[in-house]
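Chain residues, written in single-letter form:
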Amino acid sequence: CCNKNSSYTSSRVEMEKADSFVVDDQELLDKKISSIRNAGPAKLQVIADFDATLTRYWINGRRGQSSHGLLQQGNPEFDVKRHKLHEYYHPLEFSPTISIEEKTKLMEEWWEKSHGLLIEGGLIYSAIKESVSNATIAFREGVVELFEYLEERDVPVLIFSAGLADIIEEVLKQKLHRSFKNVRIVSNRMVFDNDGHLVSFKGKTIHVLNKNEHALDMAAPIHDQSGGIDGPTDDTASVEQRTNVLLLGDHIGDLGMSDGLNYENRIAVGFLNDNIEKSISGYQKSFDIVYLNDASMLGVVDLVSQLCS
Ligand code: TMP
């Protein structure tokens, strides 16, 4: 394919056979890599989207499910209603022809309706575990290696998702079979009553196009959470001092995940899973590296090893 980059790294040669990628400005990328490397791992943090970024887009010929999509709330009528919403809104989410303003309104509508149906349909906590174990969801090859490599170097990973925190947590538990002390989640967090029924969501809804408004949530101390901030964490000061950012996303809106961080250098890696021909030019302008065709995470592992060497 349209791989302009041959110097990204020498050990990429083997990986390129499987994972095609595009780099718009090699010189700029090289500069960023060397600045981040010179500053060292103590200055680095990784911010990653979850659905279709950490997870695969295709699994054995079927579309991988999102944290929302995999949830079976044990009330078929409501599952069907949410599925219909997905059929309507998902193509709009990735449409290259709808303006950002219009798309933002549509996404607000989708999240409001979907969260409303989960509450109205009487989701109970125990349905989460079962849904995850029955789900078509898998991490991209290399995600465990990435988390391990970063954990060994005390580099924090923030999973920043417009999905559902409770589900992401369960997916990590069931699919990775271990926890990582450097990984935390900022996402929509459910509130259950004493009988285990979903009654509300914490804080302001995060959808795919307002991540920028929530970017500062991730710097909030763990004991002062208003939204879905979970897991072990650096304290606020430490996250703010990590002025080099590696951002991973599959949506242009994911670039907003680093807004509010006063970063010095940011390398943005995009996974373009669908609509490749129509979207490639926009992605190429927005992301430093764009991976195509549901690539693995191995290229990012390789990149991170350059950043931390
Ligand atoms: P992300 O921020 O981890 O990419 O998660 C958001 C994804 O969730 C987005 O691609 C759309 C998807 N989604 C559903 O599949 N069903 C839903 O009901 C909603 C609201 C979102």
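Scroll up a little and you will see the structure.
Just so it is clear, the model here is predicted, and its values are computed rather than measured.

Let us now look at the overall build of the protein chain. Within the protein chain, the regular secondary structure consists of 11 helices and 12 strands. In the protein chain, which comprises 309 residues, the proportion classed as buried is 55%. Considering only contacts in the protein chain between residues 6 or more positions apart, those separated by 24 or more positions represent 71%. Accessible surface, the protein chain as shown: approximately 13,800 Å² in total, 50% of it carbon and sulfur.

As a further point, take the side chain of Asn 188. Here Asn 188 is to be found in strand β6 (residues 183-188). A distance of 2.9 Å separates a polar atom in the side chain of Asn 188 from the backbone oxygen of Gly 163. With residues up to four places along the chain from it excluded, the contact list for Asn 188 reads Trp 111, His 115, Ser 161, Ala 162, Gly 163, Leu 164, Ala 165, Asp 166, Phe 201, Lys 204, Thr 205 and Ile 206.

Going through the model one piece at a time under the given rule, you end up with 2 cavities of 30 Å³ or more. Its boundaries defined by the atoms lining it, the second largest cavity holds a volume of some 50 Å³. Considering the residues around the second largest cavity, the lining is formed by Tyr 57, Phe 94, Asp 250, Phe 271, Leu 272, Asn 273, Asp 274 and Tyr 283. Split into classes, the residues belonging to the lining of the second largest cavity amount to 5 nonpolar, 1 polar and 2 charged.

Taken together, the neighbourhood of the ligand is formed by 16 residues, with Asp 51, Ser 66, Ser 114, Ser 161 and Ala 162 sitting nearest. Here an oxygen atom of the ligand and a side-chain polar atom of Asp 49 are 2.9 Å apart. Contact between the ligand and Ala 162: an oxygen atom at 2.7 Å from a main-chain N or O atom of the residue. In this structure, the ligand is accommodated by the largest pocket. Contributing elements (two or more residues each) for the shell around the ligand: α3 (76-93), α4 (100-120) and β5 (157-164). Taken together, the residues of the shell around the ligand sort by class into 5 nonpolar, 7 polar and 4 charged.

In this model α3 runs 25 Å from its N-terminal to its C-terminal C-alpha over 18 residues, within 8% of the 26 Å that 1.5 Å per residue would give. The largest bend in α3 comes to about 30°, at Glu 87, with the proline Pro 91 one to four residues further on. Of the positions making up α3, those classed as buried are Phe 78, Asp 79, Arg 82, Leu 85, Tyr 89, His 90, Leu 92 and Glu 93.

This part is about a negative patch on the surface. Taken together, Glu 101, Glu 102, Glu 108, Glu 109 and Glu 112 make up a surface patch of like negative charges. If you trace the backbone, Glu 101 turns up in helix α4.

Looking now at the layout of surface pockets. In this model, the largest pocket occupies a volume close to 880 Å³. Lining the largest pocket we find 37 residues, and of these Ser 66, Gly 69, His 86, His 90 and Trp 110 sit closest to its centre. Broken down by secondary-structure element, the contributors of at least two residues to the lining of the largest pocket are β4 (62-63), α3, α4 and β5. The dominant element in the lining of the largest pocket, judged by the number of residues it contributes, is α3, at 8 residues.

A separate point is the packing of helix α6 (residues 143-152) against helix α11 (residues 298-307). α11 packs onto α6 with a crossing angle of 15° between their chain directions and a minimal axis gap of 9 Å. For the element pair α6 / α11, the angle class is roughly parallel. Crossing of α6 over α11 shows left-handed handedness. Contact with α6, carried on its side by Glu 145, Leu 146, Tyr 149 and Leu 150, involves Val 300, Val 301, Val 304 and Ser 305 of α11 and no other residues of that element.

Parameters and conventions
- Residues numbered from 1 in each chain as written.
- Predicted model: local features only at pLDDT ≥ 70, side-chain atom pairs only at ≥ 80, totals over all residues.
- Heavy atoms only, no water.
- Helix = DSSP H or I, 4+ residues; strand = E, 2+ residues; numbered from the N terminus.
- Buried < 20%, exposed > 50% of the residue type's maximum accessible area, 1.4 Å probe, protein only.
- Contact = heavy atoms within 4.5 Å.
- Areas by Shrake-Rupley, 256 points an atom, 1.4 Å probe, with all protein chains shown as cover.
- Polar contact = N/O pair within 3.5 Å; in protein donor to acceptor, adjacent residues only side chain to side chain.
- 1 Å grid on protein atoms, 1.4 Å probe; cavity = no way out; pocket = protein on both sides within 12 Å on 5 of 7 lines; lining within 4 Å.
- Points joined across faces, edges and corners; volume = space filled by probe spheres on them.
- Nonpolar A, V, L, I, M, F, W, Y, C, P; charged D, E, K, R; others polar.
- Near = heavy atom within 4 Å.
- Sits in = over half its atoms within 2 Å of the grid points.
- Expected span 1.5 Å × (residues − 1).
- Bend = angle between axes of the 7 residues up to and from the residue.
- Patch = residues over 30% accessible without salt bridge, like charges linked within 9 Å, V, L, I, M, F, W, Y side chains within 5 Å.
- Salt bridge = Lys/Arg side-chain N within 4 Å of Asp/Glu carboxyl O.
- Lys, Arg positive; Asp, Glu negative; His and termini not counted.
- Charge placed at Lys NZ, Arg CZ, Asp CG, Glu CD.
- Axes fitted to C-alpha atoms, helices over the stretch in contact; angles between N-to-C directions.
- Parallel < 35°, antiparallel > 145°, perpendicular 65-115°, else oblique.
- Left-handed = near helix turned anticlockwise from the far one by under 90°.

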